[in-house]
Amino acid sequence: MTKYVYLFKEGSAQMRDLLGGKGANLCEMTRLNMPVPPGFVISTEACAYFTEKGRYPPGLDDEVGGALAVVEKEMGARFGDEHDPLLLSCRSGARRSMPGMMETVLNVGLCSRTIPGIIEKTHNERFVYDAYRRLIMMYSDVVMEKSEGIETEEGKGIRDRLEQIMAAMKKRHNYRSDTELTAEDLRELCTQFKKKVKEQLGREFPDDPKEQLWGAIGAVSKSWNGKRAVSYRRIEHIPDEWGTATNVQSMVFGNMGETSATGVAFTRNPATGENKFYGEWLPNAQGEDVVAGIRTPNPLNEETKNPQNKHLPSLQSKWPALYRELDGIRVALEEHYTDMQDIEFTIQEGKLYMLQCRNGKRTGTAALNMAMDMLDERLIDEKTAVLRVEPGHLDELLHPIVNPDAEKKARAFLTGLPAGPGGAVGKIVFTSADAVDWTARGEKVILVREETNPEDVEGMRAAAGILTARGGMTSHAALVARGWGKCCIVGAGEAVVDLDARQLIVGSLKLREGDVITLNGTRGVVYQGALAMMDASENPRFQRFMKMVDKFRTLGVRTNADTESDARVARDLGAEGIGLFRTEHMFYGKGSDEPLFLLRKMILSNTPEERRAAVKELYPFVKRDIKATLGAMEGLPVTVRLLDPPLHEFVPQGKDKQQELAKALGIRPSDVRKRGEALHESNPMMGHRGVRLGITYPEITEMQVRAILEASAELIKAGKKTKPEIMVPVTCDVGELDATKVVVDRVHREVREKTGVDVPYLYGTMIEIPRACLLADKMAKSAQFFSFGTNDLTQMTFGFSRDDAGTFLPYYVKGGLLPADPFQTIDQAGVGQLITMSVERGRATRKDLKIGICGEQGGDPASVEFCYKAGLNYVSCSPFRVPVARLAAAHASLKRKASEGKGA
Ligand code: PEP
Ligand code: MG
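Quick caveat: nothing in here was measured; it's all calculated off a predicted structure.

Draft legend 1. Structural detail: the site of ligand 1. In the vicinity of ligand 1 lie 13 residues, with Arg582, Glu768, Gly789, Asn791 and Arg802 positioned nearest. Arg582 is positioned with one of its side-chain polar atoms (N or O) 2.8 Å from an oxygen atom of ligand 1. Take Asn791: an N or O atom from its main chain is 2.7 Å from an oxygen atom of ligand 1. Protein burial of ligand 1: of its 290 Å² of free accessible surface, 95% is covered by the chains. At the level of secondary structure, the elements contributing two or more residues to the shell around ligand 1 comprise strand E27 (578–582) and helix H32 (790–798). Across the shell around ligand 1, the residue classes break down as 3 nonpolar, 4 polar and 6 charged.

Next comes the structure, spelled out in structure tokens:
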């Protein structure tokens, strides 16, 4: 028969899946002989059973009874006893911590039969009625209302009603704090509370301890499917079938008078990582008072006092012996768990009890500092240190971020897709030109646009942050912003951007030009006003840490970069080459006026002669840019992708630009417009793009290949090593590759004849159309390398437009139809199959086929792990994601080693 109930002394930290994190650690601390109040855990399996069948497994009742009898014996008190009653707490605890998402009930067992006994035992009537009013408040809210699925309007739930009664009583007596309520007041309050419960919920407050206990256990199990818990699981990708454990534990009281207290602490500072015992406590209080923020908690010790609490006595100064005992436990726990612990403790009449320990959550800075400190302290080895820092933590280290404390207190008015990480504060501007002008006069601005186009690039570069109402994670704005490490939120669908009135409208809120807003680009959240930012200035230990990371990594990490300066940034951040140089990006941004003009000329050419002339004029610019980037990446491979321009985006919209172009082409401005209109496509993403452009206009391919090879020849002649790789985009058939190769071979021959240099190069293709995946064995006959363009591959596999998915995709993710946005993290179930299949088929034809990925997912940790497992040679991502990808790649190798170790 399955065992569902475990006494604390029967379990251990290893049993986390079965007993939940909290339960497993209570067991572990019990085994370590730490002062843990006795109790037992009802397993996650019991919760899963309950969730599935709507009742507990048969026999659970007896098991709980048996465990309770042991606890009663250890405590020398009986649950429900008239003279010496034991009181219990019921707390949730899943495998992975879901802080605040599920329910807790304290003081279970207080009723008319047990109250006199406790008063007699404690000689403290006030304390007993205070505990009782807390039980009524919590129990009626959690068990009688929430777990029964009763929904109320905001401010009208039973808990709010009881709070109102208590506030009224305080007002009547002119009390400022809860602690002024007398025993009499509290007794009276309990009577009023019970009356209100009956009135509002139509049921008596249960006066039987057993009924209270099972009510509380049931509510904890049900809270697994509470609204908050379900949404949290979606965000954190926690499976629904895990279930929560229920921890039933003897109550100890921090509110038994002036020699009692309760507190929470971290064995090291969770914000900075500093190796100092850090925490807060409150005398004469129960745990919820510390977290609720009603009273300012006292500092734990002298050295960590802050301006808010420096006038309050520390635990260290008030009770030195207890502080020493707690500090001893801190050291023992860190040695045992070899990680920073987050602990909860209670002092009951001068005796210390441990109520919880778990690995503490931490900021990116803290994670790095602690990992390096613990390595130096020889608490952990290098591998563990590398695993201690999450790839997402590095994001924080590389971008300024919104101060999390400030964020907790603020309310967001708008959400969108988190396109570029970090935080930004600035004044709203609505045009690219204003962004440039305002920034030039020293203002910090947020560029707010309906959506962005290439003409916005200057403004995007100048702005501190970018916010758009439309577009997805791979929209132009998102791509460019991430490339620059710029804070950016796209697809904020509720925003209306009224360019004429210069207003950003969200519901009834109207913000004007110059109003200040704050973006959290890591979460996709927008706030009014200026929130405090945190300086994420680079820790000198970062470099040392990253060196260590590379020791454990086999997967290569390249970057997507299109300019010399981005290439240098990426190289400094550890990129081992360029996996994607998008030629068309030279037509955006600074210094692009002339090449953009020529590109437009080329696009709008009507005859081969016109086009050839335009291409010829464009050539020196293309060569110049490619050469600069090849130079910056000297010695490392650079994959230059042939032009894949969204043609319609490059057609000039402004009248003056149209006129200028008309003059150059010797036609009328109205003809420019007409030719532009002729380029209009119904489905540009499936239109005249990528290799198709080279098939129809081989002279464009020829010009680019010549630029790549001549630039390389010049560098080689100057004694520089270059490794160009020519990549053909948007292919679906080997015929396209063969046709393009004919042009490449011819130009290569011509360049050799002209320069005398036989430029070594690789020829390959992007894989971004499902047909190319299916025919990967054929594609590999011509291609020496593949690079998965997972932006387009995701678009084409799902049939979700990458530019328009923002209107519906969030519903899929929120509603749990998809586990995540496939444009952010590879859809392993679908797109993943195509990738693995292409790898197999491609390598079956060409054993040494080099394979990488250059879609946006290349910098996403879960996707990096997938690419490692799929046998790719490298991932390529935007410069600022390079360290993240390096760390994710190291984690992937280390995790595989660990699982192989387990299997052996
Ligand atoms: C892709 O499709 O994944 C890709 C990298 O190309 P682009 O985003 O330029 O279409
Ligand atoms: Mg593509």
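Draft legend 2. Structural context of the packing of aromatic side chains. According to the stated counting rule, one finds 11 aromatic pairs in the structure shown. Ring centres 5.1 Å apart and planes at 75° place the aromatic pair Phe800 and Phe808 in the edge-to-face group. Take Phe800: its relative accessible area is 11%, and that puts it in the buried class. What links up through ring pairs into an aromatic cluster is the set Phe798, Phe800, Phe808 and Tyr812.

Draft legend 3. Inspection of the sheet that holds strand E2 (residues 39–42) at higher detail. Ordered by their spatial adjacency, 5 strands build an open sheet running E1-E2-E7-E5-E6, and the pairing between neighbours is antiparallel. A single partner strand is all that each edge strand has here, and the edge strands are strand E1 (5–7) and strand E6 (104–108). Neighbour-to-neighbour, the strand axes of this sheet turn through a mean angle of 20°, independent of strand direction. Here strand E5 (residues 88–94) runs beside E6; their pairing, made up of 3 bridges, is antiparallel. From the neighbouring strand, Arg91 faces E6, where its bridge partner is Thr104.

Draft legend 4. Helix H6 (residues 158–173), seen in detail. Helix length check: H6 (16 residues) gives 23 Å between terminal C-alpha atoms against 22 Å at 1.5 Å per residue, within 8%. Among the residues of H6, those classed as buried are Ile158, Leu162, Ile165, Met166, Met169 and Lys170. Seen from one end, H6 has its buried residues packed into an arc of 135°, which puts them on one side. On its buried face, H6 is in contact with helix H5 (125–145) and helix H7 (183–201). Following H6 by one or two positions, Asn174 adopts a phi angle in the positive range, close to 60°.

Draft legend 5. Representation of the coordination of the magnesium ion (ligand 2) in the model. For the magnesium ion (ligand 2), the full set of protein donor atoms is Glu768 (OE) and Asp792 (OD), at a range of 2.0 to 2.2 Å. With Glu768 in the loop between strand E30 (762–767) and helix H30 (770–774) and Asp792 in helix H32, the pair connects residues that are 24 residues apart, well separated along the chain. Exposure class is identical for Glu768 and Asp792. Each is buried.

Draft legend 6. Expanded view of the sheet that holds strand E22 (residues 509–512). The 3 strands are arranged E20-E21-E22 in an open sheet whose pairing can be described as antiparallel. Strands with a single pairing partner mark the edges of an open sheet, and in this sheet they are strand E20 (495–498) and E22. Across the sheet, the axes of successive neighbouring strands diverge by a mean angle of 20°, strand direction being ignored. Across 4 bridges, strand E21 (residues 503–506) lies against E22 in antiparallel orientation. Within E22, the residue paired with Ile505 across the bridge is Lys510.

Draft legend 7. Region of the structure containing the pattern of salt bridges. Under the counting rule described, the total for this entry stands at 62 salt bridges. Here Lys305 and Glu302 are joined by a salt bridge, their closest N and O atoms 3.5 Å apart. A relative accessible area of 28% places Lys305 in the partly exposed class. Taking relative accessible area as the criterion, Glu302 reaches 41% and is therefore assigned partly exposed. The residue Arg470 makes a salt bridge to Glu451 at a minimum N-O spacing of 3.5 Å. With Arg470 in the loop between strand E18 (465–468) and helix H19 (476–484) and Glu451 in the loop between strand E17 (445–449) and helix H18 (457–462), this pair connects stretches of sequence that are 19 residues apart. According to the relative accessible area criterion, Arg470 is partly exposed, its value standing at 41%.

Draft legend 8. Geometry of the environment of Ile446. Note that Ile446 resides in strand E17. The class for Ile446 is buried, based on a relative accessible area of 0%. Beyond its immediate sequence surroundings of up to four residues, Ile446 is in contact with Ala424, Val425, Gly426, Lys427, Ile428, Val429, Gly465, Ile466, Leu467, Ile517 and Leu519.

Draft legend 9. Seen up close, the pairing of strand E24 (residues 525–528). Note that strand E14 (residues 412–415) and E24 share 3 bridges and pair antiparallel. Across the sheet, the residue bridging to Leu414 is Val526, located in E24. Bridge count for strand E23 (residues 516–520) against E24 is 4 bridges, and the pairing is antiparallel. Across the sheet, the residue bridging to Leu519 is Val526, located in E24. The hairpin turn running from E23 into E24, its antiparallel successor, is 4 residues long, and Gly524 in that turn takes a positive phi close to 80°.

Draft legend 10. Quick peek at the packing of helix H21 (residues 564–572) against helix H23 (residues 608–632). Relative orientation of the contacting elements H21 and H23 amounts to 15°, with a least axis distance of 8 Å. The orientation of H21 relative to H23 falls into the category roughly parallel. For the pair H21 and H23, the sense of crossing is right-handed. Each of Glu564, Ala567, Arg568 and Arg571 in H21 lies in contact with H23, whose residues at this interface are Ala628, Thr629 and Ala632.

Draft legend 11. Up close: unusual backbone geometry. Backbone geometry places His123, a non-glycine residue, at a positive phi of 50°. Within the element layout of this structure, His123 appears in the loop between helix H4 (115–122) and H5. Among the residues examined, His123 registers a relative accessible area of 70% and is labelled exposed. Positive phi outside glycine occurs at Val730, with the angle close to 55°. Of note, Val730 is situated in the loop between strand E29 (723–728) and helix H29 (734–755).

Draft legend 12. Spatial organisation of the side chain of Arg330. Inspection of the secondary structure assignment puts Arg330 in helix H12 (residues 320–337). The exposure class assigned to Arg330 is buried, which follows from its relative accessible area of 13%. Polar side-chain contacts of Arg330 include one of 3.0 Å to the backbone oxygen of Thr267. Leave out the neighbours within four places in its chain, and Arg330 touches Thr267, Asn275, Lys276 and Phe277.

Draft legend 13. Representation of helix H13 (residues 364–376). Relative to the 18 Å expected for 13 residues at 1.5 Å per residue, H13 spans 19 Å between its end C-alpha atoms, a close match to the ideal helical length. With respect to burial, H13 is a largely interior element, 11 of its 13 residues being buried. By the burial criterion, the buried members of H13 are Gly364, Ala366, Ala367, Leu368, Asn369, Met370, Ala371, Met372, Asp373, Met374 and Leu375. Here the buried face of H13 lies against H12, helix H14 (382–388), helix H15 (391–398) and helix H20 (541–551).

Cut-offs used in this document
Residues numbered from 1 in each chain as written. Chains lettered and ligands numbered in written order. Predicted model: local features only at pLDDT ≥ 70, side-chain atom pairs only at ≥ 80, totals over all residues. Heavy atoms only, no water. Near = heavy atom within 4 Å. Polar contact = N/O pair within 3.5 Å; in protein donor to acceptor, adjacent residues only side chain to side chain. Areas by Shrake-Rupley, 256 points an atom, 1.4 Å probe, with all protein chains shown as cover. Helix = DSSP H or I, 4+ residues; strand = E, 2+ residues; numbered from the N terminus. Nonpolar A, V, L, I, M, F, W, Y, C, P; charged D, E, K, R; others polar. Phe/Tyr/Trp six-rings, centres within 6.5 Å; stacked < 30°, edge-to-face > 60°. Buried < 20%, exposed > 50% of the residue type's maximum accessible area, 1.4 Å probe, protein only. Pairing = 2+ DSSP bridges. Axes fitted to C-alpha atoms, helices over the stretch in contact; angles between N-to-C directions. Expected span 1.5 Å × (residues − 1). Arc of directions from axis to C-beta. Contact = heavy atoms within 4.5 Å. Donors = N, O, S within 2.8 Å, 3.2 Å for Na, K, Ca; no water. Salt bridge = Lys/Arg side-chain N within 4 Å of Asp/Glu carboxyl O. Parallel < 35°, antiparallel > 145°, perpendicular 65-115°, else oblique. Left-handed = near helix turned anticlockwise from the far one by under 90°.

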